[in-house]
Amino acid sequence: SLSAGLDLPGKLLFATLTLMTLIAILVFIEEAVYIYRKIPSSKRSIIIWINAAAPVISTTSCIGMWVPRSTMFTDFTAGIFFAIVIHKFLMMMIKECGGQKMLLRRFENGRFTISTGPCCCCCLCLPRVPITRQTLFWLQLGTFQFAVFRPVLVFLSIVLWTNGNYVLYNLSPKGPALWISCFLGALTLFALWAVGIMFRKVRILLKCKNIIPKFALYQFIVILSQLQNTIINIFATQRIIPCAPPLSSTARGSYIAQQLLIMEMFLITVVSRIVYRRKYHDLEPLEDAAEEAEDKKQPP
């Protein structure tokens, strides 16, 4: 642990970030109790999983900050949890529409726009895909594969690391780190693409459920926990972040990433509590809407 060699400002910073992590955990526990009591059982576990993303990432970053040698394990733990949350967010959008059968009825003649980010946002010539059980299955498979394959690849990385064959910052073509990272990147893009396709279709229908702020919080978690860490690691490996003895460039970059994540995830936890705690109106049942339309057509 590096905490023994810290000066007074460093100890104050570590204490403040640890306190923020503890507050984030307490806020999440209080929110989980509220969700368990107030939210229907069909959506309860999914919403708790999504709300847990920010405090879990904050906790793993705090552990990695205090115990530098655990950084690889804490990063992998946060990555596995993040992969599950992506799948849960897609399932939440389907649940908010009333489930798969109700979604298919609401968009009976609709089509998915697949020319969306992060994979095909520039491919405007791609055809629009009909909304069927098969296309819904492929979208769910797009996020489910990430929740399955990422833990497998993480386990493989840990096995190679314990054997001395996996070095996180060694991105040479001869090492496994580059190939595992590229494969994980491709799986991540496909999972985010599936969520983007679904959100683009249901965002107007679920506007009463405040799905846009919820999606924005989800996007912030994606960008901050994945893209931000990747950029900082690249800067550290290229020595753009200078070393500060006893910390090397890579160790210092890891500390900067962890400390930023703790502050950012703390804010996201607080905002998530506000967004998910509001009471929203349920979607109008299709049968009621059809009956009202028939009543309006009848003469008084």
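Residues numbered from 1 in each chain as written. Predicted model: local features only at pLDDT ≥ 70, side-chain atom pairs only at ≥ 80, totals over all residues. Heavy atoms only, no water.

Looking now at the overall build of the protein. Along its length, the protein carries 9 helices and 2 strands. In the protein, the succession of helices and strands from N to C terminus is α-α-α-α-β-β-α-α-α-α-α. Residues classed as buried in the protein amount to 43% of the 300 residues present. For the protein, long-range pairs separated by at least 24 residues make up 76% of all intrachain contacts whose partners lie at least 6 apart in sequence. Working note: accessible area of the protein is about 16,600 Å², and carbon and sulfur atoms make up 67% of it. (Helix = DSSP H or I, 4+ residues; strand = E, 2+ residues; numbered from the N terminus. Buried < 20%, exposed > 50% of the residue type's maximum accessible area, 1.4 Å probe, protein only. Contact = heavy atoms within 4.5 Å. Areas by Shrake-Rupley, 256 points an atom, 1.4 Å probe, with all protein chains shown as cover.)

A contiguous nonpolar surface patch, about 680 Å² in accessible area, is contributed by Phe137, Trp138, Leu141, Phe144, Val148, Phe149 and Val152. With respect to the helices, strands and loops of the structure, tryptophan 138 is situated in helix H5 (residues 133-162). The exposure class of tryptophan 138 is exposed, given its relative accessible area of 51%. (Patch = residues over 30% accessible without salt bridge, like charges linked within 9 Å, V, L, I, M, F, W, Y side chains within 5 Å. Salt bridge = Lys/Arg side-chain N within 4 Å of Asp/Glu carboxyl O.)

Within this structure, the stated rule accounts for 10 aromatic pairs. A ring pair is formed by phenylalanine 82 and phenylalanine 146, whose centres lie 6.5 Å apart and whose planes are at 85°; its orientation type is edge-to-face. With phenylalanine 82 in helix H3 (residues 71-96) and phenylalanine 146 in helix H5, this pair connects stretches of sequence that are 64 residues apart. Between phenylalanine 89 and phenylalanine 215, the aromatic rings sit 6.0 Å apart at their centres with planes inclined by 50°, giving tilted as the arrangement. Taken as a pair, phenylalanine 89 in helix H3 and phenylalanine 215 in helix H7 (residues 211-237) lie far apart in primary sequence, 126 residues in all. The exposure class of phenylalanine 89 is buried, given its relative accessible area of 0%. Residue classification places phenylalanine 215 among the buried positions, given a relative accessible area of 12%. Just above the ring of tyrosine 36 sits the side chain of arginine 44; from NZ or CZ to the centre is 4.6 Å. (Phe/Tyr/Trp six-rings, centres within 6.5 Å; stacked < 30°, edge-to-face > 60°. Lys NZ or Arg CZ within 6 Å of the ring centre and 35° of its normal.)

Along its 26 residues, helix H2 (residues 41-66) runs 38 Å from first to last C-alpha, staying within 8% of the 38 Å computed at 1.5 Å per residue. Along H2, the helix axis deviates most sharply at alanine 53, where the bend reaches about 35°; the proline proline 55 sits within four residues downstream. (Expected span 1.5 Å × (residues − 1). Bend = angle between axes of the 7 residues up to and from the residue.)

Our focus in this paragraph is the state of the cysteines. The tally for this structure, following the rule as stated, stands at 0 disulfides. In this structure cysteine 97 is not part of a disulfide, and its nearest cysteine sulfur, from cysteine 208, lies 9.5 Å away. For cysteine 97, a relative accessible area of 0% puts it in the buried group. (Disulfide = S-S within 2.5 Å.)

The subject of this paragraph is the nonpolar core. Counting 62 residues, the largest nonpolar core has Phe89, Met93, Leu103 and Met198 as its most contacted members. Taken together, the elements giving at least two residues each to this core come down to H2, H3, helix H4 (100-106), H5, helix H6 (176-202), H7 and helix H8 (249-277). The biggest single contributor to this core is H3, with 14 residues. If we skip the residues at most four places from it in the chain, phenylalanine 89 touches Ile50, Val195, Lys214, Phe215, Tyr218 and Tyr276. Phe14, Leu17, Met65 and Ile262 belong to the second largest nonpolar core, which has 9 residues in total. (Core = buried A, V, L, I, M, F, W, Y, C linked by side-chain atoms within 4.5 Å.)

Relative to the helices and strands, glutamate 31 is located in helix H1 (residues 8-38). For glutamate 31, a relative accessible area of 2% puts it in the buried group. Beyond its immediate chain neighbours, meaning those up to four positions away, glutamate 31 contacts Asn51, Arg273, Tyr276 and Arg277.

All right, on to the UniProt feature "transmembrane region" (unreviewed entry) in the protein then. When the UniProt feature table is mapped onto this chain numbering, "transmembrane region" (unreviewed entry) sits at residues 12-34, 46-67, 73-94, 136-161 and 176-195. Annotated as 100% helix and 0% strand, the span residues 12-34 places its first and last C-alpha atoms 33 Å apart. The distance separating the terminal C-alpha atoms of residues 136-161 is 38 Å; by composition the span is 100% helix and 0% strand. (UniProt positions renumbered as here; feature names shortened; annotations may be inferred.)

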